[in-house]
Amino acid sequence: MKIGIVGLPNTGKTTLFNALTGSGAIAADYPYSTIEPNIATVDVPDPRLDFLAQLYSPKKITPATIEFVDIAGLPRGASKGEGLGNRFLSYIREVDAVLHVVRCFENTEQIPCDPLGDIEIVEMELILADIEIVERRYLKQEKVSKTDRSLIPEVNFLARLLQLLADGKTARELTVVSEMEAAILKEMPLLSTKPIIYVANISDDIYWNGEPGEGVYVKQIERYAASQKAEVIEISALVEQEFVQLGETEREEFLKEIGRQRGLDRLIRQSYGLLKLISFLTAGSPEVRAWTITEGTKAREAAGKIHSDLARGFIRAEIVAFEHLKECGNMAAAKEKGLVRIEGRDYIMKDGDVTLIRFNV
């Protein structure tokens, strides 16, 4: 699964990417310091793996991962090819979800901070690109519908979608009323339908001192995000990047000082949830591992994530909820209390299911 980091130039996207990944991508105060996207795979924080590692002392611990893509700043006019815009838009099409970084601090050029204006510039470019796609399909289907009346419901839907986009609204805001409409929307490679998290990037001064103005910018973004059914997370990309450069002892002191989880750990977890992903867990002396699946995955499909033979020869899954295993202290105690369940191939997997697959090939 890929998550693209987007925003206007110089909003702190690459600084955020470096903090997420520990990379050394160029972060500069000029447009297009990022042209080709920077890509890195990031571990999803999961303290459950630490507990399982204590139980089993495995040779290997493998967390779930997400791939982050740092995409160059999106300028006004990108939908018309300005500033290499077409190339940047194509990178956005390839990701599954979006982190939209919004500047909530004054920059070195003293450009006034205007989070909603910045969001509007980026999202209007995505909307304009979407209009081109929808319009092409509408004109084609509208012509064919003159002889094939079965296409009229699709034409009507496309007309409604076009009007919504023309009004400056994202495709996320469209009310879908039928399976047919949902299927058409899924078929089209629209940019403004992608799940999104708005990242309110605040300065390090605001992060540490809570200076006036901070709440105003973040609350503006939160109100807008609510209209998009999206989430907001407040982060200082600069502070998070500095954290990555600290030693282990200094990191522990830092976390004690702020008294909460790192902002980026929360962001990674929220990104994982944004894609409707969950983890089931396997544990033993060779390896403790989190396996990524989508919500609603059945046990037999989950077994196939481990190895195709497990899906082909699936007999049953022996499952205990992580919370129950932790309360009991070990698997033997969980079995004594009847908390280890036998589930069949159609069982819907839950996040944190500690799983043993029985199979025969």
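Rules and cut-offs
Along every chain, residues carry numbers that run from 1 in the direction the sequence is written. Local features in this predicted model are restricted to residues of pLDDT 70 or higher, and side-chain atom pairs are both shown and tallied only at a pLDDT of 80 or more, whereas totals for entire chains, interfaces and linings draw on every residue. For the side-chain quantities, the full set of heavy atoms in the structure was used; hydrogens and water were omitted. Put simply, DSSP H or I for four residues or longer makes a helix, DSSP E for two residues or longer makes a strand, and each gets a number counted from the N terminus. Whether a residue is buried, partly exposed or exposed follows from its accessible area with a 1.4 Å probe, protein chains only, as a fraction of its type maximum: under 20%, in between, or over 50%, in that order. Two residues qualify as a contact provided that any one of their heavy atoms is within 4.5 Å of a heavy atom in the partner residue. Surface accessibility follows the Shrake-Rupley procedure with a 1.4 Å probe radius. Residue values consider only the protein chains on display as shielding. Axes here mean lines fitted to C-alpha atoms, for a helix over just the part in contact, with angles spanning 0 to 180 degrees between N-to-C directions. We call two directions roughly parallel when the angle between them is under 35 degrees, roughly antiparallel when it is over 145, roughly perpendicular when it lies between 65 and 115, and oblique otherwise. By definition, any crossing whose near helix is turned counterclockwise from its far helix by less than a right angle is left-handed, and any crossing with a clockwise turn is right-handed. In this classification, the charged set is Asp, Glu, Lys and Arg, the nonpolar set is Ala, Val, Leu, Ile, Met, Phe, Trp, Tyr, Cys and Pro, and all remaining amino acids, among them Gly, are polar. Side-chain rings of Phe, Tyr and Trp (the six-membered ring for Trp) are treated as a pair once their centres are within 6.5 Å; stacked means planes under 30 degrees apart, edge-to-face means over 60, and tilted covers the remaining angles. By definition here, charges over rings are those cases where NZ of Lys or CZ of Arg is within 6 Å of the ring centre and within 35 degrees of the ring normal. For every residue, the pLDDT score states the predictor's confidence, bounded by 0 at the bottom and 100 at the top. Two strands pair if DSSP finds at least two bridges between them. Identification of polar contacts relies on pairs of N or O atoms within 3.5 Å, with a donor-acceptor requirement for protein atoms, meaning one able to donate a hydrogen and the other able to accept it, and with residues adjacent in sequence counted only if both atoms are side-chain atoms. Expected helix span is given by 1.5 Å per residue-to-residue step, counting one fewer step than there are residues. Any carboxyl oxygen of Asp or Glu within 4 Å of a side-chain nitrogen of Lys or Arg constitutes a salt bridge here.

**Student:** For this particular structure, what's the right way to read the overall build of the protein?
**Tutor:** Looking only at helices and strands, the protein has 15 helices and 12 strands in total. Taking all 361 residues of the protein together, the buried fraction comes to 47%. Within the protein, contacts between residues separated by at least 24 positions form 69% of all contacts whose residues are at least 6 apart in sequence. Approximately 18,000 Å² of the protein is accessible, and the part contributed by carbon and sulfur atoms is 50%.

**Student:** Explain the packing of helix H5 (residues 152-166) against helix H6 (residues 179-187) to me, please; I cannot follow it from the model alone.
**Tutor:** The geometry of a pair of packed helices is captured by two quantities: the angle between their axes and the separation between those axes. In contact at an axis separation of 10 Å, H5 and H6 are set at 60° when each is read in the N-to-C sense. In terms of orientation, H5 lies oblique with respect to H6. Crossing of H5 against H6: the hand is right-handed. Along its contact with H5, which presents Pro153, Glu154, Phe157, Leu158, Arg160 and Leu161, the element H6 presents Met180, Glu181, Ile184 and Leu185. Class assignment for the residues of the contact of H5 with H6 results in seven nonpolar, no polar and three charged.

**Student:** Would you mind showing me how to read the packing of aromatic side chains here?
**Tutor:** We describe a pair of aromatic rings using the distance from one ring centre to the other and the angle between the two ring planes. Following the criterion strictly, the structure yields four aromatic pairs and no others. On the basis of an interplanar angle of 75° and a centroid distance of 5.8 Å, the ring pair of tyrosine 198 and tyrosine 224 is categorised as edge-to-face. Taken together, the positions of tyrosine 198 in strand E6 (residues 196-201) and tyrosine 224 in helix H8 (residues 214-227) put the pair 26 residues apart, joining distant regions of the chain. The class of tyrosine 198 is buried, set by a relative accessible area of 0%. The ring of tryptophan 291 has arginine 289 sitting right over it, with the charged end atom 3.8 Å from the ring centre.

**Student:** Even after reading the chapter, I still don't get the confidence of the model for the protein, so can you show me in this structure?
**Tutor:** Caution applies to low-pLDDT parts of the model: their predicted coordinates are not meant to be read in detail. Overall, the prediction assigns the protein a mean pLDDT of 87, with 89% of residues at 70 or greater. Note that residues 24-34 has pLDDT below 50 and, in this model, 28 contacts with residues that lie over four places away or in other chains.

**Student:** Looking at this model, I keep getting lost on the environment of leucine 162. Mind explaining?
**Tutor:** Within the element layout of this structure, leucine 162 appears in helix H5. What makes leucine 162 buried here is its relative accessible area of 15%. Beyond its immediate sequence surroundings of up to four residues, leucine 162 is in contact with Ile131, Val134, Glu135 and Tyr138.

**Student:** Explain the pairing of strand E5 (residues 97-103) here, please?
**Tutor:** Both faces of the sheet carry side chains from a regular strand, because those side chains alternate between them. For E5, the tally of buried residues reaches seven of seven residues, placing the bulk of the element in the interior. The side-chain alternation of E5 yields two buried faces, one formed by Ala97, Leu99, Val101 and Arg103 and the other by Val98, His100 and Val102. Two strands pair when backbone bridges link them, and E5 and E6 are joined in this way by six bridges, in the parallel orientation. Bridge pairing links valine 101 to valine 199 in E6.

**Student:** Please explain the environment of threonine 11 as it appears in this structure.
**Tutor:** Within the fold, threonine 11 resides in the loop between strand E1 (2-6) and helix H1 (13-21). Expressed as a C-alpha distance, the spacing of threonine 11 and aspartate 118, which sit 107 residues apart in the sequence, is 9.5 Å. If sequence neighbours within four positions are ignored, threonine 11 has contacts with Val101, Arg103, Phe105 and Asn201. From its side chain, threonine 11 meets the backbone oxygen of leucine 8 in a polar contact 3.1 Å long.

**Student:** Mind showing me how you'd approach the side chain of serine 279 here?
**Tutor:** Structurally, serine 279 can be placed in strand E8 (residues 277-283). Owing to a relative accessible area of 1%, serine 279 belongs among the buried residues under this scheme. When residues no more than four places from it in sequence are discounted, the contact partners of serine 279 are Arg48, Ala64, Tyr272, Ala290, Trp291, Lys350, Asp351, Gly352 and Asp353.

**Student:** Before we go on, may I ask you to explain the sheet that holds E5 in this structure?
**Tutor:** Consider a sheet: its strands pair through backbone hydrogen bonds, and that pairing is either parallel or antiparallel. Spatial strand order, E2-E4-E1-E5-E6-E7: six strands in an open sheet with mixed pairing. Each having just a single partner strand, strand E2 (38-43) and strand E7 (231-235) make up the two edges of the open sheet. Strand-to-strand twist in this sheet, taken as the mean axis angle between neighbours without regard to direction, amounts to 25°. Here E6 runs beside E7; their pairing, made up of five bridges, is parallel. Note that in E7 the partner of valine 199 across the bridge is isoleucine 233. Helix H4 (residues 115-144) contacts E5 and E6 of the sheet and is inclined by roughly 140° relative to E5.

**Student:** Explain helix H11 (residues 263-274) here, please?
**Tutor:** Each turn of an α-helix holds 3.6 residues, which means side chains three or four residues apart point in the same direction. With 12 residues, H11 should reach 16 Å at 1.5 Å per residue; the first-to-last C-alpha distance of 16 Å fits that figure. Backbone geometry just downstream of H11 places lysine 276 in the positive-phi region, at approximately 55°.

**Student:** How should I be thinking about the pattern of salt bridges in this particular structure?
**Tutor:** Scanning the model with the defined rule gives 15 salt bridges in all. Between aspartate 351 and arginine 48 there is a salt bridge; the shortest N-O distance is 3.1 Å. Taken as a pair, aspartate 351 in the loop between strand E11 (341-343) and strand E12 (353-359) and arginine 48 in helix H2 (residues 47-56) lie far apart in primary sequence, 303 residues in all. Residue aspartate 351 is classed as partly exposed on the basis of its relative accessible area of 33%. For lysine 146, the salt bridge identified is with glutamate 142, shortest N-O distance 3.3 Å. Salt bridges sharing partners connect three or more residues here, namely Asp46, Arg48 and Asp351.

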